[in-house]
Amino acid sequence: MRNGEFARREDSYEAKLRMAFENNDISDLVARYEEMGYGGMTPIPHEIINEMPNGRILLGNNCAEYLKMMIEVTQQRRVEVPFIMIGETVYDTNKVLFDDFYTIKGDSASRLEETACDIQTVLDEHKDLEPNFTGRIRALQKRNDGSRAIICFGHTHPNRSSYYGTYSKDDFKNIIQYDDSIERARSSVGDDRAQTLGCMVAANGDVDFMFYDRTAINFYKFTSVAGRKSDGRVERFESYSFRTPMPGR
Ligand SMILES: [Zn+2]
């Protein structure tokens, strides 16, 4: 990889992030958090992010179980764990159903560094993940009922600072980058039937989904998350309940 190329890409994510903040008139507040000197780890309070209109997440029972495991691991081992989910929207709505879950395998779990959040490991260890996603796009294209395929890139936040329960600046840049990374899957089917979401699971039990709208250059949070239990009943997950401290505390 040529250095110049990599630098330009990074710059463009930074520029898009700046644009998103400007679009919401929150640049000044973000600047106050940046003054704390955390760099890429600068917390961006979720409180200042827009809500996805009529956004709802429903987790199939295996995804709900896995996410509960993610919460437990994050609380007990205090490590960051990467994971990926695949699902689809209900027709042309902002309601998303997830039914396919991938995370790092047991032996690589022991290799996790304190700060590791390596989505690439998840992709490398599950060779069926990308074909499954592409297959879903093709199936939806055949069905032609307006539904979109969704791939969600997630990671966990253990309680290691007073800002642990919100996204960082690097997290937002990653969400933009993940959205770029499915460009090939999108173009392989010749239309826009595929979208990405970010997800952050915090040690307090919050499950925070985030959408990056690359057309509007803006972020939207899903505040309604529910999981289906194996007996068919639906239970709510906490979402964005964490209160982000003001900068400098
Ligand atoms: Zn993070």
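The rules behind each value
Residues numbered from 1 in each chain as written. Predicted model: local features only at pLDDT ≥ 70, side-chain atom pairs only at ≥ 80, totals over all residues. Core = buried A, V, L, I, M, F, W, Y, C linked by C-beta atoms within 7 Å. Buried ≥ 20, exposed ≤ 12 C-beta atoms within 10 Å, placed from the backbone. Helix = DSSP H or I, 4+ residues; strand = E, 2+ residues; numbered from the N terminus. Contact = placed C-beta atoms within 7 Å. Expected span 1.5 Å × (residues − 1). Pairing = 2+ DSSP bridges. Axes fitted to C-alpha atoms, helices over the stretch in contact; angles between N-to-C directions.

Enquirer: So what's going on with the nonpolar core? Which residues, and what values?
Expert: In terms of nonpolar packing, the biggest core is built from 56 residues, with Met85 and Cys152 touching the most fellow members. Considering every element that reaches this core, the biggest residue donor is strand 6 (residues 194-202), with 6 residues. What methionine 85 contacts, discounting residues up to four positions off in sequence, is Cys63, Phe98, Asp100, Phe101, Cys152 and Gly154.

Enquirer: Residues and numbers for helix 6 (residues 129-143), please.
Expert: If you check helix 6, its first and last C-alpha atoms are 21 Å apart, about what 15 residues at 1.5 Å a residue would give, namely 21 Å. Asparagine 144 occupies a position one or two residues after helix 6 and carries a positive phi of about 55°.

Enquirer: Before we move on, can you summarise the sheet that holds strand 9 (residues 225-228) with the specific residues and values?
Expert: What holds strands together in a sheet is hydrogen bonding between their backbones, with the strands either parallel or antiparallel. Spatial strand order, 1-8-7-6-5-3-4-2-9-10: 10 strands in an open sheet with mixed pairing. Of all strands in the sheet, those bounded by a partner on one side alone are strand 1 (50-51) and strand 10 (234-237). Bridging between strand 3 (residues 82-89) and strand 5 (residues 149-157) involves 7 bridges; their strand directions are antiparallel. By the bridge assignment for strand 5, glycine 87 is matched with isoleucine 150. Its contacts with the sheet place helix 3 (residues 61-76) against strand 2 (56-59), strand 3, strand 4 (95-103), strand 5, strand 6, strand 7 (207-213) and strand 9, and it is angled at close to 60° to strand 4. Sitting on the sheet, helix 7 (residues 169-181) is in contact with strand 5, strand 6, strand 7 and strand 8 (218-222), with an inclination near 155° to strand 6.

Enquirer: Hey, could you go over unusual backbone geometry for me, with residue numbers and the actual values?
Expert: Glycine aside, a negative phi is what most residues show, and trans is what most peptide bonds show. Positioned with a positive phi, asparagine 54 is a non-glycine residue whose angle comes to about 55°. Examined against the element boundaries, asparagine 54 turns out to sit in the loop between strand 1 and strand 2. We classify asparagine 54 as exposed; it has 10 C-beta atoms within 10 Å. In this structure, arginine 78 is a non-glycine residue whose phi angle is positive, near 50°. Take arginine 78: there are 15 C-beta atoms within 10 Å of it, and that puts it in the partly exposed class.

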